Amino acid sequence: MDATVLFDLSYGVYVVTTWDEGRAVGCIANSVMQITASPMTIAVSMNKDNYTYDCLKRADKFAISILAEQSKPRIIGAFGFKSAADPKVEKFAEVDQRLVNNLPAVADSCGVITCRLIDSHDCGTHTIFIGEVTGAERFSNATPMTYSYYHRVIKGKSPKNAPTYQPGK
Ligand SMILES: Cc1cc2nc3c(=O)[nH]c(=O)nc-3n(C[C@H](O)[C@H](O)[C@H](O)COP(=O)(O)O)c2cc1C
């Protein structure tokens, strides 16, 4: 099997956010996709070792901020390589926040989609969370960052908890 072919699947780079008892939390996810148009639903695959997973299990809503090619690299550093399981880690302390439909969103992004959590599916190491879209707001007309751009141009790595992770690649 040539598993590198899976790297040819296309994704964007997103920040999935929610509340943890009044604290804004979240993490980077590439595994976001629209599932249906009517009602409008979105799915995200979340690793059970991520603190965001624990928060989504308790949450009734979440938001997806769509990162742009020009979004500051420190957003990925904070949300993709640190864990809010450490109570001292406040990811939004270094990233500008915007409130949309009473959910925290990343201001330096193309925009945000807010969702009401309606379902989840256990997939072993990950759970797929499904949300019905409750709102969407555009922050800029910047070019959305693709996962391929993240790897090829930014030379970014995928940590172990990303569903697309392949050891040594
Ligand atoms: C480019 C990139 C893509 C990622 N995609 C996912 C993903 O789709 N699902 C996931 O569960 N984790 C993904 N991750 C990993 C989480 O963002 C990372 O484990 C984060 O530190 C978890 O933070 P938390 O413990 O505060 O939730 C990705 C990370 C990066 C850098």
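Our structure is the block above this text.
From a predicted model like this one, the values you see are computed outputs, not experimental measurements.

## Section: the packing of aromatic side chains
Under the criterion given, the structure shown has four aromatic pairs. Ring centres of tyrosine 11 and tyrosine 147 lie 5.4 Å apart, and the angle between their planes is 85°; on these two criteria the pair is classed as edge-to-face. Placement of tyrosine 11 in the segment before strand S1 (14-20) and of tyrosine 147 in helix H3 (residues 147-152) is noted, with a sequence separation of 136 residues between them. Judged by relative accessible area, which is 24%, tyrosine 11 ranks as partly exposed. Through pairs of rings, three or more aromatic residues link up here, namely Tyr11, Tyr147 and Tyr150.

## Focus: the pairing of strand S7 (residues 103-106)
Burial along S7 is two-sided: the residues Leu103 and Ala105 and Pro104 and Val106 are all buried. Pairing of strand S6 (residues 97-100) with S7 involves four bridges; the strand directions are antiparallel. Considered in S7, the bridge of leucine 99 is made with proline 104.

The rules behind the values
- Residues numbered from 1 in each chain as written.
- Predicted model: local features only at pLDDT ≥ 70, side-chain atom pairs only at ≥ 80, totals over all residues.
- Heavy atoms only, no water.
- Phe/Tyr/Trp six-rings, centres within 6.5 Å; stacked < 30°, edge-to-face > 60°.
- Helix = DSSP H or I, 4+ residues; strand = E, 2+ residues; numbered from the N terminus.
- Buried < 20%, exposed > 50% of the residue type's maximum accessible area, 1.4 Å probe, protein only.
- Pairing = 2+ DSSP bridges.

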